[in-house]
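# A closer look at the structure
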Amino acid sequence: MKRIGVLVSGRGSNFEALAESVASGRIPNSEIGIVISNRDGAPGIQRAEARGIKTRVIPSKGLEREIYDRQVAAVLNESKVDLICLAGYMRLLSPFFVAAFPNRILNIHPSLLPSFPGLESQRQALEYGVKFAGCTVHFVDENLDAGPIVLQAEVPVLDQDTEATLSEKILKEEHRIYSEAVKIVLEGKFKIEGRRVLRTN
Ligand code: GAR
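Residues numbered from 1 in each chain as written. Predicted model: local features only at pLDDT ≥ 70, side-chain atom pairs only at ≥ 80, totals over all residues. Heavy atoms only, no water.

## Structural notes on the overall build of the protein
For clarity, the cut-off: In DSSP terms, a helix is any run of H or I states spanning at least four residues, a strand is any run of E spanning at least two, and both are numbered starting from the N terminus. Atoms counted for the radius of gyration: C-alpha only. Globule rule: 2.2 Å times residue count to the power 0.38. Exposure is judged per residue with a 1.4 Å probe applied to protein chains only, and the accessible area is read against the type maximum: over 50% gives exposed, under 20% gives buried, and values in between give partly exposed. By definition in these notes, contact holds between two residues if any of their heavy atoms fall within 4.5 Å. A 1.4 Å probe and the Shrake-Rupley method give the accessible areas. Residues count as covered only by the protein chains that appear here. In this charge count, Lys and Arg are treated as positive and Asp and Glu as negative; neither His nor the chain ends contribute. Charged side chains are reduced to one point each, which is NZ for Lys, CZ for Arg, CG for Asp and CD for Glu.
Scanning the protein from terminus to terminus reveals 6 helices and 9 strands. Its C-alpha radius of gyration of 16 Å places the protein within 12% of the 17 Å reference for a compact globule of 201 residues. Projecting the C-alpha coordinates of the protein onto the three principal axes gives extents of approximately 50 × 45 × 35 Å. When burial is assessed residue by residue, the protein has 49% of its 201 residues classed as buried. Nonlocal contacts in the protein, meaning residues at least 24 apart in sequence, comprise 63% of its contacts between residues at least 6 apart. Carbon and sulfur atoms make up 50% of the accessible area of the protein, which totals about 10100 Å². Separation between the mean location of the 26 positive side-chain charges and that of the 25 negative ones in the protein comes to 4 Å.

## Some thoughts on the pairing of strand β2 (residues 30-37)
Counted only if it meets this: When DSSP finds at least two bridges between two strands, those strands are taken to pair. Handedness of a crossover is defined as follows: orient the strands so they point away from the viewer, and if the path from the first strand over the helix to the second runs clockwise, the crossover is right-handed.
Judged by how many residues are buried, β2 sits mostly within the fold: 7 of 8 residues are covered. Across 7 bridges, strand β1 (residues 2-8) lies against β2 in parallel orientation. Residue pairing in the sheet places V6 in a bridge with V35 of β2. Handedness of the crossover joining β1 and β2 through helix α1 (residues 13-24) is recorded here as right-handed. As paired elements, β2 and strand β3 (residues 55-57) share 3 bridges and run parallel to each other. Each residue of the ladder has a partner; that of S37, found in β3, is V57. In this fold, β2 hands off to helix α2 (residues 43-50), which returns the chain to β3; that crossover is right-handed.

## Structural notes on the pattern of salt bridges
Heads up, the condition is: We define a salt bridge as a side-chain nitrogen of Lys or Arg found within 4 Å of a carboxyl oxygen belonging to Asp or Glu.
This structure, assessed with the given rule, holds 14 salt bridges. The residue E20 makes a salt bridge to R51 at a minimum N-O spacing of 2.5 Å. Here E20 is found in helix α1, whereas its partner R51 is found in the loop between α2 and β3, with 31 residues between them in sequence. Residue E20 is classed as partly exposed on the basis of its relative accessible area of 38%. Between R176 and E173 there is a salt bridge, and its shortest N-O distance comes to 2.6 Å. Taken as a pair, R176 and E173 lie in helix α6 (residues 163-186) at a separation of 3 residues, close to a single helical turn. Look at R176 and you get partly exposed, because its relative accessible area is 43%. Taken together, the shared-partner salt bridges in this structure form one network comprising E16, E20, R47 and R51.

## Overview of the packing of aromatic side chains
As a reminder of what qualifies: Each aromatic pair joins two rings of Phe, Tyr and Trp (for Trp, the six-membered one) with centres within 6.5 Å, and gets the label stacked for planes under 30 degrees apart, edge-to-face for over 60, and tilted for any other angle.
Summed over all chains, the structure comprises 3 aromatic pairs. Summarising the aromatic geometry, the rings of F97 and F101 are spaced 5.1 Å apart at their centres and angled 55° between planes, so their arrangement reads as tilted. Classification of F97 as buried rests on a relative accessible area of 0%. Relative accessible area serves as the criterion here: at 2%, F101 is assigned to the buried category. Look at F139 and F190: their rings are 5.4 Å apart centre to centre, the planes differ by 35°, and that puts the pair in the tilted class. Linking F139 in strand β6 (residues 132-139) with F190 in strand β8 (residues 190-193), this pair joins segments that are 51 residues apart in sequence.

Here is the structure:
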């Protein structure tokens with residue numbers, strides 16, 4: 001049985017999608033051991049509580065990055081997690097945190113990286129005028145929205161798309177590929193060569 005730790009800052013729809021996949025066996029032999037939020041009142045925490053999953057709020061306000069990350073790492077270690085999933089966790093991780101969990105942290109980002117890292121990626125994509133947008137699941141390093149890519153999914157950008165409609169289409173794909181990527185990584189069916197994540201059997 002593999003244990004997943006999920007870090008959220010807000011809505012928590014990607015957490016919910018992962019929880020659903022764990023419950024339905026799409027991510028087999030696993031459980032979500034803990035959900036941690038850096039923000040008090042994050043809806044993601046309520047969603048986790050509603051599912052009877054252990055939660056912790058560790059407020060980040062005013063704390064130096066590494067001091068904060070040490071607190072989070074301690075809770076994750078206590079929960080003995082095998083994999084950490086960032087799910088709308090809006091914080092850059094310290095080198096300490098990244099080194100504490102080598103190749104064991106995944107993030108979902110709402111763009112086809114390396115295009116449009118950072119905030120409001122869907123708006124960035126619309127304003128740039130790309131014809132395809134999408135989302136990326138990648139391993140996390142200490143740089144923003146960087147790290148080897150596990151899976152991507154694309155969605156077409158139509159003339160009538162707004163930030164809201166594009167975000168909705170991308171989110172649907174996020175929910176799908178995040179579970180798929182977690183399954184691949186938990187089953188160890190990959191190897192990393194340089195920046196490339198290659199599938200193995
Ligand atoms: C998602 O769209 C996720 O890709 C994005 O925040 C949203 C969180 O939604 N993450 C980033 O932008 C990370 N750089 P959720 O709380 O409903 O999962």
